[in-house]
Amino acid sequence: MRPIKKIGVIGAGSMGQGIAQVCAVSGYEVFLHDVDANSIQKGIQNIGKNFDQAIAKEKSTEEIKLEALRRIKSSSFEMLKVDLIIEAVVEKLEVKQKIFSELEKINYPDTVFATNTSSLSVSKIGSILKHPERFLGLHFFNPAHLMKLVEVVSGEKTNNDLVKSMTAFVKTIEKTPVVVKDSPGFIVNRVARHYYLESLHLLEEDSADIGTIDALLRSAGFKLGPFELMDLIGNDVNLEVSRLMYQAFNKVPRFKPSRIQEEKVLSGQLGRKTGKGYYDYEKK
């Protein structure tokens, strides 16, 4: 495997922003790309705001911020000839496959390709590549610049040495790698799905309101309540993962999406990114 110096990040949403930030802080040159050029600039601005919050809490410095931002470059698709590519776009199989198929054509013979998918099969995404042995999953958690865990997901044809190398890479960006097999939801999402769905069932049954459920689970040791966390992730993203998990497990009832999730998405109440979800952020 070629030494990793340049990293391409595909998708300038919240996940892509966080991944770009942690890579840049760790000394890597980052090329951030999105189909919407305005999203790239907005993403870089948001990364700057992340640093400002950390500086205010004395967890970072202005010098670290400026140095990291200097390493992050807005990139066209054609410029993404790098050592490692991490994709963080919409959870649609055909979209991810098209991206990697095109990137494979313009990259080095030993460029590593990684998907940040949280619910799709890594093996299926990589099946269209000429060299699926160079493909794996690097599943970061939101917000990626703060959350320490990264699931290193080995597909059916992923080279074992690549898994070892990428586990070592994850440590260089000061994250905690856990190697997992390619299965629906991997480990964390499979377990965490019920954190959301059971909370939604409680709400459907009118057992307690949103604020009470969140407060109780925070008091039990969770940093965020389920509704706070869904708003942070994005209710559209959370619903899509729920649907994919439901399909992957042959529609067993325990993975069935909630009608409340569906109503939120249909009404455009996607959470923090739209200003309203389970909570109204425009009033805060």
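Residues numbered from 1 in each chain as written. Predicted model: local features only at pLDDT ≥ 70, side-chain atom pairs only at ≥ 80, totals over all residues. Heavy atoms only, no water.

## A closer look at the environment of Glu67
Structurally, Glu67 is set in helix α3 (residues 62-71). A relative accessible area of 31% places Glu67 in the partly exposed class. A C-alpha to C-alpha distance of 8.3 Å links Glu67 and Ala24, two positions 43 residues apart in sequence. (Helix = DSSP H or I, 4+ residues; strand = E, 2+ residues; numbered from the N terminus. Buried < 20%, exposed > 50% of the residue type's maximum accessible area, 1.4 Å probe, protein only.)

## Regarding helix α7 (residues 188-204)
Compared with an ideal rise of 1.5 Å per residue, which puts 17 residues at 24 Å, α7 spans 24 Å between its outermost C-alpha atoms and is within 8% of the ideal. Of all the positions in α7, only Asn189, Ala192, Arg193, Tyr195, Tyr196, Leu197, Ser199 and Leu200 are classed as buried. Tucked into the core, α7 has its buried residues touching β6 (135-140), α8 (210-219), α9 (226-233), α10 (235-248) and α11 (259-266). Just downstream of α7 lies Asp206, where phi reads positive at about 60°. (Expected span 1.5 Å × (residues − 1). Contact = heavy atoms within 4.5 Å.)

## What about the packing of α8 against α9?
Running from N to C, α8 and α9 point in directions that differ by 100°, and their axes come no closer than 7 Å. In terms of axis orientation, α8 runs roughly perpendicular to α9. Contacts between α8 and α9 involve Ile210, Ile213, Asp214, Leu217 and Arg218 from the former and Pro226, Phe227 and Glu228 from the latter. (Axes fitted to C-alpha atoms, helices over the stretch in contact; angles between N-to-C directions. Parallel < 35°, antiparallel > 145°, perpendicular 65-115°, else oblique.)

## What to know about the sheet that holds strand β3 (residues 72-74)
Strand order in this open sheet of eight strands is β3-β2-β1-β4-β5-β6-β7-β8, and the pairing throughout is mixed. Only two strands of the sheet have a single partner each, and these edge strands are β3 and β8 (176-181). Here the strands of the sheet are splayed against their neighbours by 25° on average, with no regard to which way each runs. Note that β6 and strand β7 (residues 149-154) share four bridges and pair antiparallel. Bridged to Leu138 within β7 is Val152. Helix-sheet contacts for helix α1 (residues 14-25) involve β1 (6-10), β2 (29-33), β3, β4 (84-87) and β6, and the interaxial angle to β2 is about 165°. (Pairing = 2+ DSSP bridges.)

## Considering the pairing of β8
Two strands pair when backbone bridges link them, and β7 and β8 are joined in this way by six bridges, in the parallel orientation. The residue of β8 that forms the bridge with Val152 is Val179. Crossover handedness for the path β7 to helix α6 (residues 160-172) to β8: right-handed. (Right-handed = clockwise from strand over helix to strand, strands pointing away.)

## Some remarks on the environment of His194
Within the secondary structure layout, His194 lies in helix α7. Distance from His194 to Tyr28, taken between C-alpha atoms, is 36 Å for residues 166 residues apart in sequence. Every residue in contact with His194, bar those within four places of it in the chain, is listed here: Ser199, Arg254 and Phe255.

## Here we look at the packing of aromatic side chains
Enumeration according to the criterion identifies eight aromatic pairs in this entry. An aromatic cluster of at least three residues, connected via ring pairs, comprises Phe100, Phe113 and Phe135. For the cation-ring pair, Lys73 lies above Phe31, with the distance from its terminal atom to the ring centre recorded as 6.0 Å. (Phe/Tyr/Trp six-rings, centres within 6.5 Å; stacked < 30°, edge-to-face > 60°. Lys NZ or Arg CZ within 6 Å of the ring centre and 35° of its normal.)

## Here we look at helix α4 (residues 93-106)
With 14 residues, α4 extends 21 Å between its outermost C-alpha atoms, agreeing within 8% with the 20 Å of an ideal straight helix rising 1.5 Å per residue. Of the positions making up α4, those classed as buried are Lys96, Gln97, Ile99, Phe100, Leu103 and Glu104. The buried residues of α4 occupy an angular sector of 160° when projected down its axis, which confines them to one face. Away from its buried face, by an angle of more than 90 degrees, α4 presents the exposed residues Glu94, Lys98 and Lys105. (Arc of directions from axis to C-beta.)

## What about the pattern of salt bridges?
Where charged atoms from two side chains of opposite charge approach closely, those side chains can pair. Tallied over the full model, the rule gives 15 salt bridges. Residues Lys105 and Glu102 are paired through a salt bridge, measuring 3.2 Å at the closest nitrogen-oxygen approach. Pair noted here: Lys105 and Glu102 are both in helix α4, with a separation of three residues, about one helical turn. With its nearest N and O atoms 2.9 Å apart, the salt bridge here joins Lys273 to Asp236. With Lys273 in the segment after α11 and Asp236 in helix α10, this pair connects stretches of sequence that are 37 residues apart. (Salt bridge = Lys/Arg side-chain N within 4 Å of Asp/Glu carboxyl O.)

## Here we look at the pairing of strand β5 (residues 112-115)
On β5, burial covers both faces: Val112 and Ala114 on one face and Phe113 and Thr115 on the other are all buried. Taken together, β4, α4 and β5 constitute a β-α-β crossover, and its handedness is right-handed. The sheet contact formed by β5 and β6 spans three bridges and is parallel. If you follow Thr115 over to β6, its bridge partner there is Gly137.

Everything listed here is a matter of coordinates, which is why it stays silent on function.
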